[in-house]
Amino acid sequence: MASKSSAAPKSDVPRPEAPSGPWPEPYEFSEVHKDSFRALAASVSFVGVCTLMFAGLSAVFALGEMYMGFVPNGIGTALAGGVYGVMAWWMVSAGRSLSSMVRTKGQDVERLMEAVVQLRRLFGLARVVIIVLAMLVTVGGALVVWCNVMVERGGKCLGVFG
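Residues numbered from 1 in each chain as written. Predicted model: local features only at pLDDT ≥ 70, side-chain atom pairs only at ≥ 80, totals over all residues. Heavy atoms only, no water.

This paragraph deals with the overall build of the protein chain. On a plain count of helices and strands, the protein chain comes out with three helices and zero strands. Across the 162 residues that make up the protein chain, the buried fraction comes to 22%. Of the contacts formed within the protein chain by residues at least 6 apart in sequence, a portion of 65% connects residues at least 24 apart. When the accessible area of the protein chain is evaluated, it comes to approximately 12,500 Å², of which 69% is carbon and sulfur surface. (Helix = DSSP H or I, 4+ residues; strand = E, 2+ residues; numbered from the N terminus. Buried < 20%, exposed > 50% of the residue type's maximum accessible area, 1.4 Å probe, protein only. Contact = heavy atoms within 4.5 Å. Areas by Shrake-Rupley, 256 points an atom, 1.4 Å probe, with all protein chains shown as cover.)

Structural data, given as structure tokens:
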């Protein structure tokens, strides 16, 4: 059995040396670019706050539906409101990162990357929601077609659909 060495293999390729002078200036966007980011930050924040209000309204509707005895509808509305809330939080966070990038000096790239992380989360969730909804619509459409075919032939649809 060969023994494993914890030392990394040595290479004949020279390694780059650390810069000996002062650190380079951090990247700063121009004022024209910052105006574009400022407008984007305002839009993203506005949409995030509106979506957060829709999430709160969905929670109120969910409670009303459950109070009136429509528990499955209330659960569905509450789940949708939860998704809206998460998406709204990510939008507001991205808007804050973009806004802070415009206000600060020397941290433009760091703040931009913070916004990109939030936007990637938002659009990743949106992609999953779209795929799930497309699948549900497809299954629902297939059930409608199946039930119509069965009823026209004198049969019964699935048990729940009569």
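That was the structure; now back to the text.
For the rest of this paragraph, the subject is the packing of aromatic side chains. Following the criterion strictly, the structure yields two aromatic pairs and no others. An angle of 90° between the planes, with centres 5.1 Å apart, marks the rings of tyrosine 27 and phenylalanine 29 as edge-to-face. The exposure class of tyrosine 27 is partly exposed, given its relative accessible area of 48%. Look at phenylalanine 29 and you get buried, because its relative accessible area is 15%. An aromatic cluster of three or more residues is present, and its members are Tyr27, Phe29 and Phe37. Here the basic side chain of arginine 96 rests over the ring of tryptophan 89, its NZ or CZ set 5.8 Å away from the ring centre. (Phe/Tyr/Trp six-rings, centres within 6.5 Å; stacked < 30°, edge-to-face > 60°. Lys NZ or Arg CZ within 6 Å of the ring centre and 35° of its normal.)

The next point concerns the side chain of serine 97. Among the structural elements, serine 97 can be located in helix H2 (residues 71-103). Aside from chain neighbours lying at most four places away, what touches serine 97 is Arg111, Glu114 and Ala115.

Another point: the packing of helix H1 (residues 31-67) against H2. The geometry of H1 relative to H2 is characterised by a closest axis approach of 7 Å and an angle of 160° between their N-to-C directions. With respect to H2, the element H1 is oriented roughly antiparallel. The element H1 and its partner H2 pack so that their crossing is left-handed. When its residues are assigned to classes, the contact of H1 with H2 shows 23 nonpolar, 11 polar and four charged. (Axes fitted to C-alpha atoms, helices over the stretch in contact; angles between N-to-C directions. Parallel < 35°, antiparallel > 145°, perpendicular 65-115°, else oblique. Left-handed = near helix turned anticlockwise from the far one by under 90°. Nonpolar A, V, L, I, M, F, W, Y, C, P; charged D, E, K, R; others polar.)

Another point: the environment of alanine 115. Structurally, alanine 115 can be placed in helix H3 (residues 108-152). Between the C-alpha atoms of alanine 115 and arginine 96, which are 19 residues apart in sequence, the distance is 7.9 Å. Those residues within four positions of alanine 115 in sequence are excluded, and the remaining contacts are Ala94, Ser97 and Leu98.

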